[in-house]
Each structure stands twice: as C-alpha cells, then as structure tokens.
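# Architecture and fold: a report
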Amino acid sequence: MIRAKTLLTHAALIGATFVMLYPLLWMAASSFKPESIIFTDLSIWPKRFDLSNYLSGWHALQESFTVFFLNSTLIAVLVVIGNCLACSITAFAFARLQFRGRRVWFIVMLGTLMLPYHVTLIPQYVLFQQLGWIDTFLPLVVPKFLAADAFFIFLMVQFFRAIPRELDEAAVLDGCNPWRIYWKIMLPLSLPVLATTAIFSFLWTWNDFLGPLVYLNDASLYTVPLALRAFVDAAGQSAWGQLFAMSTLAVLPIFLFFLFFQRLIIEGVAFSGMKR
Amino acid sequence: MNVSAPMGPAVLGDAHIGSHAKRAALRRDLVGYAFLAPWLVGFFVFSLGPVLASLYLSFTKFDLLTPPQWIGLDNYARMFGSDARFWQALKVTFVYMILEVPLKLCFALLVALALDKGIRGGSLYRALFYVPSLLGGSVAIAVLWRQLFEGNGLVNQVLLWAFGIRGPAWISNPDTSLYTLVLLAIWQFGSPMIIFLAGLRQVPQDLYEAASMDGAGAWRRFRKITLPMLAPVVFFNLVLQVIEGFKAFTPAFVVSGGTGGPVDSTLFYTLYLYQEAFAYFRMGYASALAWVLLIVIGIFTAISFLTSKYWVYYEDDPR
C-alpha cells in the first residue's frame, strides 16, 4: 500500500518534470535540426548534430554574437565586482561600526528594498542623459559600485552579524584600524556570502533586459538579450533554427552556473526567495 | 578618603572626560560615515533624488527636449478620466496576477509537500523543478514561448499528434494571449517551492506523530498542522509574488514584439509605462503612471508590514 503510493508519487513527479522540461529540451534539440523539419519533429534528440544553425545564427545580425557575448560578459563581471565591494563595505558599516544615525540609515536601506524600479527609471534616465552616458555601459555599472542593490547589503549584514565579535575586538587590541579589520578579517571570512552575491549578480545581470533596452541603442553595444530580441523581430518566423541556436547559447552560461553552484543558489533562494 | 573634596577638580575632570569621549565619538562617526559614503551617495543620487524628481515630473509635461512644464494634476486627471489604455493596463495586470499568483503558489505547495516526505531523489527533483525559475525571465525563454504558442507552434503540434486537435493561434488571439503569459509565470513555480520546502523543514515532526497516534488522517494533519505552521511562509510568498507580478515586463515585451498586443491584450502596466516614456517620450505622464504604481505597491507593502508580526522571522535589530 505504502509502496504503491510512493510509486504513484514518483510517476507524478517524473511526469511533471518531463512536461516542464520538454520545451527546453525540444528547443535545444531543434537548434541542431534543419529549418524544414523543426515544426513537424517533436523529438528531443536530433537525428544528427548539424551545427549549421549555430554558424549562420552567430553571424545573422550586423554584428556577430562574439560582440554581444563580450558585452554581456563585461557588464556582468563589472557588476559582480561592484556589488561584492560596495555592498560588503556598506554591510560592514551597518554590522560592525558604531556611529550616530546608524539605525535610521539601516531602516532607510531596508526601505529601498521595497522601492519598485519604475519610480526611479525616468529621472535616472534623464540624469544619465545629461551626463552623456546613454550608449555607454556606465548606467548599468556605476550604480552597483555605489551599492545600489540593497538586497545584497541585507544579505551581508546578516552574515557579518554571525561572525564572532571577539575576532575584531582582538584585532583592535592589536592596533588594527577598521579598514584592516574589514579587508583582512571580515572579507576572508565572508567568502560564502560573497560567492552568493557574485552568482546572483551575474545571473540577474546576464538576464537583465529592461536596463540595456533603455540605455543601449547602438547595436555594437547590445547585450545577448537585446541581440536576441533584435533577431526575433528581424528574422521572426523564418529562422527559428538559428534563433533557437542562439537562445540555447544565451541560457547555457546560466545553466552551467546552476550545475556548479546549485547548493549556493538553492540556499540563496531559500534564504528569502530572491528572484527577478 | 577625603570625603569633603572640593567640587572644582571633579567637575573639571568630568569636562575633561566629556571632551575626550566627545572626540572619540566624533572619530567613530567619521569612520562610520566614511564606510557608509558610497552607499549614501548612491542612495541620494539613484534612489531618493529620482523618487522626488519623478513626483515633480508627474505634475509636468516633459518630452526631454524642452524643460518640464508645470501642468498641475492634468496627468492624473487624464489617467483616471480619459485614458482607456491606462485602465486596460491595470486590468491586464490584475487579471494576470489574480490567475498567476494563486495557481503558482498552489502548485509550488503541492510539489513541496510531495518532496518533503524524504522521497528518493528529492534533491534531483527539486533542482529540475527550479530550472524554469532560473531561466524564465530571460529573453531566450520568451522567444521560445512565442514559438510554442504560435498557430503551428509546438503546443499545437503536440495537440495534433496526441489528440488530433487543431489548436488556435494562442499568441495572436487576444482572447488567449494573456493566458500564455500566465502559463509562463506558473511554469516558474520553482522559487516559491524552495521557500515552501525550507518552511516545511521548520514544522516539528513530533506534532505529526502525535496527531497520527490520535488517529488524524493525512488531510486532517495537513489542515490542522501543516497549513497553520506554514501560514507565515505562505504569506511571505504571496507578498513576494504580488510584487514580482507588478514588475513583470520582459515576457510581455518580447512575446508581443513590444506592443502589448494583440489589441492591447498583453499590455502590462510596466509595458505601458515603458511605451509612454521611451516610445512617445511623455516623461511627465509616465512619471505619474510610476507614482500610481508606487502607491498601489505601497498599499500591499503596508498590509504586509501591518501583519508582519505573524510572518516575519528575521531579527532586524542592529543593536
């Protein structure tokens, strides 16, 4: 009786998994199929692995996807560095330093977590336009170096508070200044939370669409999502094979990140359901 | 001991200690604000300043080329009075959320319950179910979705193959287009599922054992133990998903080619805001749209805060 129930649960779970993942697997498989059979071939295993969709898709737009992947990677790497540095410095101030107004600023910081991006979007655009930053990566990167992602500050404050205070008290007695305590003691002990921050910063930036859409008009500056969107609007119905090939490549880094950092990602989501 | 010590030196000593302590406090403040400086600059330049600026802009007519022109409440009057697309955008967003949020949470809870019982391969299932959440917001998936629900897309091919049914062109039909996006959202039930699983771990197992001994069946145990114990997590997920729902943009933009069509049937609020601001350059009107959204989200957040004593666990006390 119990065995039958377990079997039934497994059957339901396997069925659900298959239904959910079938479109993804079909997309990956279709990227190897010739255009003429994509719409009639439902299989998730191509008869032969033909790379021609990848070769022609890579050069289908005016700029090649080499440019788009480099742009996306550059922005994502800069955002990762900015978030890890700026958010940890801010979190250190909130978690370890004593100064007047700290509680108030902490509450203000938590308040910015709730702020929807819509209200800041237009004035920020006007500001960046005045600065002449449209069609540069600066609007996407500079705010991160000023700790604009409050979520990671919050994450790090929680982590820092769990580090024993005796460590920095001993360092103070040894004559360490706060900067050295931050750099030599807190950061090396914070590798797990820095890794979580880096991973999520990368994933979110890689997938980000609205930011690049607003700030990047020049096709040579496009990120991968912008390029895909341009591709689907230009080629539309006629080049699904190539589109699927490029889409598969676009999600591949995310998928690889998940394979390697699965535990950190799932713990991160469980921590407070972060998702964009 | 000199009990009758003159007052003078003692007061002097206090003052001396006082100024010393004051200087130490000042030093601590300086160090603290030095570390806080990057965030403070960012807060004023990228959060507080823009929020106030968009409030001001919402009372103006502004096309980026000429300076903002004060028009009082005209933007709001037009929005509530005569803008059919504003009401359509609100309707689309609410229909989307009323369908998507509960269905996604029910599915997430159902799967979490199935995985919670220590089933073999549980962590593999969990990882596989999470994959769509990981990829779901990307343009690549929106592109795929556009193909899946076309007239001769994969969904209709499968329907034809399995049941011999000829399905409609889901995406280009205004009656069904929104539901394809609802489905895309439900497909990403992985994150709430993981949060539910974390919540289920917190439920003390001896409660179930005691209930079983008292002869409570599975449904009763779920109703009387799991659901009440999980209520804070359910509520947390609900608030999170509602806020996420308001922000949805990428899928509607890509699937409809940026128009919100067909016939405005997928005109999400954020998409409408984007069009007003960056297609028609009506920055003042778009700012007013943003402020209305801020107030709506603020009401939801206020509700969540007012009820937070029932569901927030984290200790937010920086001492």
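Residues numbered from 1 in each chain as written. Chains lettered and ligands numbered in written order. Predicted model: local features only at pLDDT ≥ 70, side-chain atom pairs only at ≥ 80, totals over all residues.

## Focus on the nonpolar core
- Counting 146 residues, the largest nonpolar core has Ile153, Met156 and Leu228 of chain A as its most contacted members.
- A total of 14 residues in this core trace back to one element, the largest contributor, which is helix H4 (residues 65–96) of chain A.
- Split by domain, the residues of this core number at least three in each of domain 1 (7–57) and domain 2 (76–310) of chain B.
- Leaving out residues up to four positions away in the same chain, methionine 156 of chain A has contacts with Cys87, Ser88, Ala91, Ser190 and Val193 of chain A. (Core = buried A, V, L, I, M, F, W, Y, C linked by C-beta atoms within 7 Å. Buried ≥ 20, exposed ≤ 12 C-beta atoms within 10 Å, placed from the backbone. Helix = DSSP H or I, 4+ residues; strand = E, 2+ residues; numbered from the N terminus. Domains from an automatic or database assignment. Contact = placed C-beta atoms within 7 Å.)

## Comments concerning the environment of leucine 64 of chain B
Residue and element names in this part refer to chain B.
- Tracing the backbone shows leucine 64 in the loop between strand E1 (60–61) and strand E2 (69–70).
- According to the C-beta neighbour criterion, leucine 64 is partly exposed, with 15 such atoms within 10 Å.
- With residues up to four places along the chain from it excluded, the contact list for leucine 64 reads Phe281 and Met283.

## Some points on the interface of chain B and chain A
- Between chain B and chain A, the residue contacts involve 75 residues of the former and 63 residues of the latter.
- Here the element with the most residues in the side of chain B that touches chain A is helix H1 (residues 7–57) of chain B; it accounts for 20 residues.
- A per-class count over the side of chain B that touches chain A returns 52 nonpolar, 18 polar and 5 charged. (Nonpolar A, V, L, I, M, F, W, Y, C, P; charged D, E, K, R; others polar.)

## Digging into the packing of helix H3 (residues 84–116) of chain B against helix H10 (residues 218–247) of chain B
Residues and elements named next belong to chain B.
- Relative to each other, H3 and H10 sit at 145 degrees, their axes nearing to 10 Å. The chirality of how H3 crosses H10 is right-handed. Note on element contacts: H10 touches H3 through Asn237, Leu238, Gln241, Val242, Gly245 and Phe246, opposite Thr93, Tyr96, Met97, Glu100, Val101, Lys104 and Leu105.
- The class makeup of the residues in the contact of H3 with H10 is 7 nonpolar, 4 polar and 2 charged. (Axes fitted to C-alpha atoms, helices over the stretch in contact; angles between N-to-C directions. Left-handed = near helix turned anticlockwise from the far one by under 90°.)

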